[in-house]
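# Residue-level structure breakdown
Given next are the chains, with one letter for each unit.
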Amino acid sequence: NIRGLMDNYEIIDFKTLNETVQDLIRQATKVRKFAYCPYSNFAVGAAILTEEDSKVYTGCNIESATFSPCICAERAAIPKAICDGYLKIKIVAVVAHQKSGFTAPCGVCRQTLSEFRSSDGDIEIYLSKPAMDKVLRTKLSKLLPLAFVSYITDNVIEDNDNS
């Protein structure tokens, strides 16, 4: 049961995924155990695979009593990769537990991920539960079809036509 309507995703068996994706989901599941979430009790783990060198970086959600400075798992992993000089993300795995459905990156994480898309302009997204049985596979472009683009990185041409 997926909330909302979304095209271009599929739910597949964990065992059918390639070793790289299985490893990402395992690492996201492992780091999820370190989530600091005393207010929501909703632990999330993420693992990202860089395009260059296929390095893996993980992150978990970190809450704060004031909520605004909370950090999502994906936005905990991304800066680690950036600090090591990796600016292109190829694959993201997100693991959390919901009774029904899968936990997708929030809007802020989707936009942040968009900043670091792979060379093909997209990122593969895998959503799983800790049981690692069924996995939802999609792409960032399907989760964020009208992403805000950067004038610099996306070569947006300024429109001087005022009509």
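Above this note sits the structure.
Just so we're clear, the structure is a prediction, and the values are computed from it rather than from any experiment.

In this structure the tally under the stated criterion is three salt bridges. Here Glu-10 and Arg-137 are joined by a salt bridge, their closest N and O atoms 2.4 Å apart. Within this pair, whereas Glu-10 is found in strand β1 (residues 10–13), its partner Arg-137 is found in strand β6 (residues 134–139), the two being separated by 127 residues in sequence. Salt-bridge contacts for Lys-134 lead to Asp-13; the nearest nitrogen and oxygen are separated by 2.4 Å. Linking Lys-134 in strand β6 with Asp-13 in strand β1, this pair joins segments that are 121 residues apart in sequence. Using a relative accessible area of 39% as the deciding quantity, one classes Lys-134 as partly exposed.

Time to look at the pairing of strand β3 (residues 56–60). Across the five residues of β3, four count as buried, placing the element largely inside the fold. Bridge count for strand β2 (residues 44–50) against β3 is five bridges, and the pairing is antiparallel. Bridge pairing in β3 places Ala-46 opposite Gly-59. Taken together, β2 and the strand that follows it, β3, pair antiparallel across an intervening segment of five residues, in which Asp-53 is found at a positive phi of about 70 degrees.

Let us now look at unusual backbone geometry. Residue Asn-41 is not a glycine yet carries a positive backbone phi of 55 degrees. By secondary structure assignment, the location of Asn-41 is in the loop between α1 (19–32) and β2. For Met-132, which is not glycine, the phi torsion reads 55 degrees and is therefore positive. By the element assignment, Met-132 lies in the loop between β5 (124–128) and β6.

Criteria and cut-off values
- Residues numbered from 1 in each chain as written.
- Predicted model: local features only at pLDDT ≥ 70, side-chain atom pairs only at ≥ 80, totals over all residues.
- Heavy atoms only, no water.
- Salt bridge = Lys/Arg side-chain N within 4 Å of Asp/Glu carboxyl O.
- Helix = DSSP H or I, 4+ residues; strand = E, 2+ residues; numbered from the N terminus.
- Buried < 20%, exposed > 50% of the residue type's maximum accessible area, 1.4 Å probe, protein only.
- Pairing = 2+ DSSP bridges.

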